[in-house]
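Residue-level listing of the chains:
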Amino acid sequence: MNYVRSKIAWLSVVFCFVTQSLAANDEFPTLTWLSIDWQPAWIDEGPLKGAGYAQTVERMVQERLPGYTHDRREITNVRIYSVLQTRDACFAASPYQGADLQTNKRDGVIWSAPSYIYFLHGLIAKPEAVERIYKYGANGYVDFEALMQDESIIGAFQPGRSYSRWLNPLFEDAEKTKTMFKWSGDTQLTQSMFKLMEAGRIDYFVDYVIMLKYHEESTGTPSGYVYMPIEEHKGFLGLGAIACSDTPLGRQAIQDINAVLKTIRQSDEVREANRRWLMPREQEAEYWHKWETELLPLEK
């Protein structure tokens, strides 16, 4: 009988503890973190799992914000900003201050201080197409708008995706893109473009140099594909940040996130994620100079 009473008393203590814990968690506002199936921003499988550059910052921020209940939700690429505009959520791979977004995607969204630096889009081409593409190049840069007019060279892009303030108008022009391959998949956004080239369906696609770096590191072998900078982006770098809904919760979250970013942007872990994925080869000095002079001074 004493054993039974002791057991009941123990279970009562456990029940009260769990109930109190759940009640405490209910007091924390829920912040939904959006992610997309796009490597190397998020890497959810394989030996590189967890090492994505947006994923790293997202995790480190969440660990330092215990006053929120953090929830993850994977969505499609084209729905990122419509979701941010309709619920309390954050997204860790957005252009700082919405610089490269269409106007309708900036409404109802706010941004943190910058959390990473990246080089803007260029072309990732199969080797046999490089000579033909460089007919439209000079001094190492390709005139992309001129290249688009060559119907014998097939390029690809993703309709509905935000590229840059220079490329978005080109991709929204149906006449300019009439001969380009328009890919609208929702998953494996990185791998699918390489598969299109391997299948001989396209000669190049428009994306960041980081896509090529990830492709080579994830396969373990250097590829024959070539990254080609474009004239439209010459001299420009992009700043990335965390975007949140412009709601009372989102505005408070951004204040708290900015306080955390002041510290973690100086950390070896964040710097390594940027070096690994976002820093172009042989441009280390320029990259870290931009980091110290253009990223770190911005605290909101």
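Let me begin by describing the structure that accompanies this report. (Residues numbered from 1 in each chain as written. Predicted model: local features only at pLDDT ≥ 70, side-chain atom pairs only at ≥ 80, totals over all residues. Heavy atoms only, no water.)

**A look at unusual backbone geometry**
Cis geometry marks the peptide bond from Gln39 to Pro40; its omega dihedral reads 10 degrees. You can see Pro40 is positioned in the loop between strand 1 (30-35) and helix 2 (53-63). Non-glycine residue Asn139 carries a positive phi angle of around 55 degrees. (Helix = DSSP H or I, 4+ residues; strand = E, 2+ residues; numbered from the N terminus.)

**A look at helix 12 (residues 284-295)**
The α-helix winds at 3.6 residues per turn, so residues separated by three or four positions along the chain end up facing the same way. All buried positions along helix 12 are accounted for by Tyr287, Trp288, Trp291 and Leu295. Considered in projection along helix 12, the buried side chains sweep an arc of 90 degrees and stay on one side of the axis. (Buried < 20%, exposed > 50% of the residue type's maximum accessible area, 1.4 Å probe, protein only. Arc of directions from axis to C-beta.)

**Focus: the state of the cysteines**
According to the stated counting rule, one finds 1 disulfide in the structure shown. Across the disulfide, Cys90 is cross-linked to Cys244 (sulfur-sulfur distance 2.0 Å). Its S-S torsion of approximately 105 degrees makes the covalent link between Cys90 and Cys244 right-handed. Here the residue Cys90 occupies a position in strand 3 (residues 89-95), and Cys244 occupies one in strand 12 (residues 237-245), the gap between them amounting to 154 residues. Relative accessible area serves as the criterion here: at 0%, Cys90 is assigned to the buried category. Residue Cys244 is classed as buried on the basis of its relative accessible area of 0%. (Disulfide = S-S within 2.5 Å.)

**Structural notes on the packing of aromatic side chains**
One pass over the full model with this rule turns up 17 aromatic pairs. Consider the rings of Trp38 and Tyr208, whose centres lie 6.0 Å apart with planes at 45 degrees: the pair is tilted. Here Trp38, found in the loop between strand 1 and helix 2, pairs with Tyr208, found in the loop between strand 10 (204-207) and helix 9 (209-219); they are 170 residues apart in sequence, far enough to count as distant. The class for Trp38 is buried, based on a relative accessible area of 10%. (Phe/Tyr/Trp six-rings, centres within 6.5 Å; stacked < 30°, edge-to-face > 60°.)

**Concerning the environment of Phe171**
Along the chain, Phe171 falls in helix 7 (residues 168-171). By relative accessible area, Phe171 is classed as buried at 10%. Distance in space between the C-alpha atoms of Phe171 and Gln158 is 8.9 Å, their sequence separation being 13 residues.

**Comments concerning the nonpolar core**
Counting residues in hydrophobic clusters, the biggest one holds 74 residues, and the most contacted among them are Tyr53, Val61, Leu84, Phe91, Ile242 and Ile257. Among the elements that make up this core, the one with the highest residue count is strand 4 (residues 109-119) (8 residues). Aside from chain neighbours lying at most four places away, what touches Val61 is Trp33, Ile242, Ile257, Val260, Leu261 and Ile264. Grouped together as the second largest cluster of nonpolar side chains are 20 residues, Val130, Val142, Phe144 and Met148 included. (Core = buried A, V, L, I, M, F, W, Y, C linked by side-chain atoms within 4.5 Å. Contact = heavy atoms within 4.5 Å.)

**Quick look at the side chain of Ser115**
Structurally, the position occupied by Ser115 is in strand 4. On the basis of relative accessibility, which here comes to 1%, the residue Ser115 falls in the buried class. Other than its neighbours up to four places away in sequence, Ser115 contacts Val57, Gly240, Ala241, Ile242, Leu261, Arg265, Val270, Asn274, Trp291 and Leu295.

**Comments concerning the pattern of salt bridges**
Summed over all chains, the structure comprises 17 salt bridges. Here Arg64 ties to Glu63 by a salt bridge, and the two come within 3.5 Å at their closest N and O atoms. (Salt bridge = Lys/Arg side-chain N within 4 Å of Asp/Glu carboxyl O.)

**Notes on the sheet that holds strand 12**
Ordered in space as 2-1-3-12-4, the 5 strands form an open sheet in which the pairing is mixed. Looking along the sheet, the strands with just one partner apiece sit at the ends: strand 2 (69-74) and strand 4. Shown here is a sheet whose adjacent strand axes are inclined to one another by a mean of 25 degrees, direction ignored. Set on the sheet, helix 10 (residues 248-264) makes contact with strand 1, strand 3, strand 4 and strand 12; between it and strand 4 the angle comes to about 35 degrees. Its contacts with the sheet put helix 12 on strand 4 and strand 12, and the angle it makes with strand 4 is roughly 155 degrees. (Pairing = 2+ DSSP bridges. Axes fitted to C-alpha atoms, helices over the stretch in contact; angles between N-to-C directions.)

**Re the pairing of strand 3**
Most of strand 3 sits inside the fold, with 7 of its 7 residues counted as buried. Pairing of strand 1 with strand 3, which is carried by 3 bridges, proceeds in the parallel orientation. Bridge pairing in strand 3 places Thr32 opposite Ala89. Examined bridge by bridge, strand 3 and strand 12 share 4 bridges and lie antiparallel to one another. In the sheet register, Ser94 faces strand 12, and the bridge partner there is Ala241.

Just geometry here; none of it tells us what the structure is for.
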